Structures are given as structure tokens and as C-alpha cells.
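Results of the structural survey
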Amino acid sequence: MKNTIIKSIVLCSFLTFTTLVFAQSTVKILSTINPSINSGIQIGDVLNRTVEVEVDADLELPKTALPIKGERQEEIELTDITVKSDTRGERKVLTIALSYQVFGTADKPVLMQLPAEQLDLTGGEEAISINIPAWKFWYAPLVPEGVEKAKSYLLPQSKPALLELEKHQTNLWISISLLTIGALGLIYVNANKAWLPFMNGAFAKAHRKIKKLQVDEVGYEQAFISMHQAFNQTYGANLFANDLPQFFLANPQFLKMESDIARFFNESNASLFGAQATQDYHYLKELKVLCKHLRDCERGV
């Protein structure tokens, strides 16, 4: 009787060992991917983990063996679970993806864990399960323990410091004045219209006429006449070449154009009063430039 009992115990131990070896050789966990961080996790955070398992091709993982979405264990809720199957010859790879959401409400750091899962396979001669181990992490509260009401930390409202604007206003008016003077100066130097009294001098009028003339016999003659009228008006009498020294003495602002003015009178005498009048129409272009320079002298620039 005693020997029979011993034989039975040995036989049961052998069968149990054989079953474990069969199970271990049938289910093989290829990889387990847990969340990349295990600290500083707060309420509402979603944690994902993926497990790849290799099993015999005839084994199946039924939906009834999967945990139910919405199931909550120790303030950890399973929000999603998916299973993908890939057959490789006589073996099959199951990819199990699980998503959990944290609903902890502790007021200080607490060690928590994603729950362990046991998924039972069907289709084999023995009862075989996929065991997914628990995964621990540190829960971090949103506020520290013993925090006081925020109202006690509020500071009274105060008006912003006033800026001293007097200095800036002075600089602004100086800048506006300089800008206005510069703009008027540019207008005074370059304006061709007679819309201001100081822009309507004798050579300013002559320049407005000459710049519109055509390069021909009529334009050539009109240019000389307009220039002589400007000289006569500025001098106060008919101005001839012999009178130029008195003209420069009375109007020293034209001295810098002395050689050009003398050439003008020579050209005028040769073209209008010479025994053999010459008409170099291209000189009309030079007269337009000369008249503009005389206008600038007249304006004192």
C-alpha cells in the first residue's frame, strides 16, 4: 500500500512537470513594450503597453478571454485592447496592445501599477495561458499635500508706473521740425512750379519756358530770348557782354557761373547778331542746364 502511494505521487509529479514543460515550450513571449517613463505620471494620463507572444498555430485567443474595456482595478482603467494575429508556418505571433488611463487622486507620490493580465488560450490539449506581468510606476499628484487657498497669496492691484513723456514730446517736435525743414528745402531746390513767391524768379520763369522748347530753329531762338530777358530783369536794364563785371558786382551769387555766362553771351552774339549767324541747335540742351544752374544761384543754393 505504501509503495502504491509513493508510485502515485511520483507519477503525478512527473505528469505535472511534463505539462509545465509542454506549456513553456508552447507559449513564448517575444517582447514586452511598457511606457517609456515610470514616474511623474498624473491623473488622466494614458499608458500604453504592447506584448508579442509566439504560440502554436492551432491555439486561439478568444474574445471572451480578453479583459473588458472600462474595467477598473486600483484606480487604473482599461480603455482599449486590440489583438493582431500573424501566422508563421506552424507558429503564430499574437500582438496584444493595451491602453490604460490613470484615475488616482492621491495628494502625495504613490507607487501604483498596471494590473497583471492572464489570457487563456483555447485549442490545445492542455490549459495554457498568456501571463502579462504587472508594471509599477510612481503617481505624482497635481498639487502638494497641505496646499493653502490661492486667495491668501493674491497681491493687491496697483497702477503701473507713469512714464515721463515731456522729454519724448520734445524730441518728437524737434524731429518733426527737422523733417519739415528738410522737405521744404528739397521742394525749394527742385520745384519747377511757381506756386510760391520765392520760386518765381526771372531764371525760374526762363527755365520753365526753355525746358519745353523743341531742338529746332524756333526753339533755339526762343531760348536765347528767354535767357536775355532773365538777365535783363535781374540786372534791371539791358545787359550786354561788356556789362558783365557790373552784373557780377551787383549779383555776386552768380560769380561761380562766370565762365558759363560769358560763353552764353559769345554764343548769343554769334548766333543772333553775327555777320555769319551760326545755329548750333545742340547748344539748346546746354542752355537748359545753364538756366537751371542760374535758377539755383538765384535761389541762393
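All figures in this text were calculated on a predicted structure; none of them were measured in a lab. (Residues numbered from 1 in each chain as written. Predicted model: local features only at pLDDT ≥ 70, side-chain atom pairs only at ≥ 80, totals over all residues. Heavy atoms only, no water.)

**Remarks on the packing of helix α4 (residues 217–235) against helix α7 (residues 283–299)**
To be explicit about the condition: Angular values range over 0 to 180 degrees, each being the angle between N-to-C directions of two axes fitted as lines to C-alpha atoms, with helices fitted over their stretch in contact. The secondary structure listing takes helices from DSSP runs of H or I that are at least 4 residues long and strands from runs of E that are at least 2 residues long, numbered from the N terminus. Orientation categories follow fixed angle ranges, with anything under 35 degrees roughly parallel, anything over 145 roughly antiparallel, 65 to 115 roughly perpendicular, and all other angles oblique. A clockwise turn of the near helix away from the far one marks a right-handed crossing, whereas an anticlockwise turn of less than a right angle marks a left-handed crossing. Pairs of residues are marked as contacts when any of their non-hydrogen atoms sit within 4.5 Å. Each residue gets one label: Ala, Val, Leu, Ile, Met, Phe, Trp, Tyr, Cys and Pro are nonpolar, Asp, Glu, Lys and Arg are charged, and the others, such as Gly, are polar.
Contact geometry for α4 and α7: axes closest at 10 Å, N-to-C directions at 20 degrees. Taken together, the axes of α4 and α7 lie roughly parallel to each other. As α4 packs across α7, the resulting crossing turns out to be left-handed. Judged by residue contacts, Gly219, Tyr220, Ala223, Phe224, Met227, Phe231 and Thr234 of α4 engage Tyr283, Leu284, Leu287, Leu290, Cys291, Leu294 and Glu298 from α7. Taken together, the residues of the contact of α4 with α7 sort by class into eleven nonpolar, two polar and one charged.

**Thoughts on a nonpolar patch on the surface**
Put simply, the rule reads: The patch calculation keeps residues exceeding 30% relative accessible area without a salt bridge and links them within 9 Å when they carry like charges or within 5 Å when they are nonpolar (Val, Leu, Ile, Met, Phe, Trp, Tyr). Surface accessibility in these figures is a Shrake-Rupley result with a 1.4 Å probe; residues are shielded only by whichever protein chains are displayed. When a carboxyl oxygen of Asp or Glu is within 4 Å of a side-chain nitrogen of Lys or Arg, the pair counts as a salt bridge. Each residue is assigned to one of three classes by its accessible area relative to the maximum for its type, calculated with a 1.4 Å probe on protein chains only: buried under 20%, partly exposed between the two thresholds, exposed over 50%.
Together, Ile43, Leu142 and Val143 make up an exposed nonpolar region whose accessible area comes to about 260 Å². Tracing the backbone shows Leu142 in the loop between β9 (135–139) and α2 (166–190). For Leu142, a relative accessible area of 56% puts it in the exposed group.

**As for the nonpolar core**
Heads up, the condition is: For this analysis, a nonpolar core means a set of buried residues of the types Ala, Val, Leu, Ile, Met, Phe, Trp, Tyr and Cys, connected via side-chain atoms within 4.5 Å.
Judged by nonpolar contacts, the single largest core of 28 residues is most densely connected at Leu61, Leu121, Ile130 and Phe137. Put simply, the parts of the chain that give this core at least two residues each are β2 (46–56), β4 (76–88), β5 (91–102), β6 (110–114), β7 (117–121), β8 (128–132) and β9. Setting aside chain neighbours within four positions, we find Leu121 in contact with Val27, Val55, Leu59, Glu60, Leu61, Leu94, Ile128, Ser129 and Ile130.

**Thoughts on the packing of helix α3 (residues 202–210) against α4**
It is the contact of α3 with α4, at a shortest axis distance of 8 Å, that shows an interaxial angle of 170 degrees. Classed by the angle they form, the pair α3 and α4 counts as roughly antiparallel. On α4, the residues touching Ala202, Phe203, Lys205, Ala206, Lys209 and Ile210 of α3 are Ala223, Ser226, Met227, Gln229, Ala230, Phe231, Gln233 and Thr234. Among the residues forming the contact of α3 with α4, the class breakdown is eight nonpolar, four polar and two charged.

**As for α4**
For clarity, the cut-off: The length a helix should cover is 1.5 Å for every residue beyond the first.
Under the 1.5 Å per step criterion, the end-to-end length of α4 is 27 Å for 19 residues, consistent within 8% with the ideal 27 Å. Turning to α4, its buried residues number three or more, namely Gly219, Tyr220, Ala223, Phe224, Ser226, Met227, His228, Ala230 and Phe231. Trailing α4 by a residue or two, Gly236 shows a phi angle of about 90 degrees, which is positive.

**Quick notes on α3**
When you tally the buried positions in α3, you get seven out of nine residues, the bulk of the element. Buried residues of α3: Ala202, Phe203, Ala204, Ala206, His207, Arg208 and Ile210, and no others. The secondary structure elements touched by the buried residues of α3 are α4 and α7.

**Description of the pairing of β2**
Keep this limit in mind: Any two strands between which DSSP finds at least two bridges are classified as paired.
Examined bridge by bridge, strand β1 (residues 28–33) and β2 share five bridges and lie antiparallel to one another. In the sheet register, Lys28 faces β2, and the bridge partner there is Glu54. Alignment of β2 against β5, held across eleven bridges, turns out to be antiparallel. What sits directly across from Val53, in β5, is Leu94.

**Quick notes on the packing of aromatic side chains**
Filter applied, for reference: When the centres of two rings from Phe, Tyr and Trp lie within 6.5 Å, Trp using its six-membered ring, the rings pair. Their planes under 30 degrees apart give stacked, over 60 give edge-to-face, and anything left gives tilted. Whether a charge sits over a ring comes down to the Lys NZ or Arg CZ being within 6 Å of the ring centre and within 35 degrees of the ring normal.
What the rule picks out here adds up to eleven aromatic pairs. Ring centres of Phe231 and Phe247 lie 5.6 Å apart, and the angle between their planes is 70 degrees; this geometry places the pair in the edge-to-face category. Here Phe231 is found in helix α4, whereas its partner Phe247 is found in helix α5 (residues 244–250), with 16 residues between them in sequence. By relative accessible area, Phe231 is classed as buried at 0%. Ring geometry for Phe264 and Phe265: centres 5.4 Å apart, planes at 75 degrees, overall edge-to-face. Positioned above the aromatic ring of Phe103, the side-chain terminus of Arg72 is 4.4 Å from the ring centre.

**Things to note about unusual backbone geometry**
At Glu74, a position not held by glycine, the phi torsion is positive, near 50 degrees. Located in the positive-phi region is Glu75, a residue other than glycine, with phi close to 65 degrees. As for its placement among the helices and strands, Glu75 is situated in the loop between β3 (72–73) and β4. By relative accessible area, Glu75 is classed as partly exposed at 35%.

**Topic: the sheet that holds β3**
Reading across from one edge, β1-β2-β5-β4-β3 is the order of the five strands in this open sheet, with antiparallel pairing throughout. The sheet is open, and its two borders are formed by β1 and β3, each paired with just one other strand. Summarising the sheet, β3 and β4 pair through two bridges and their orientation is antiparallel. Bridge pairing links Gln73 to Ile76 in β4.

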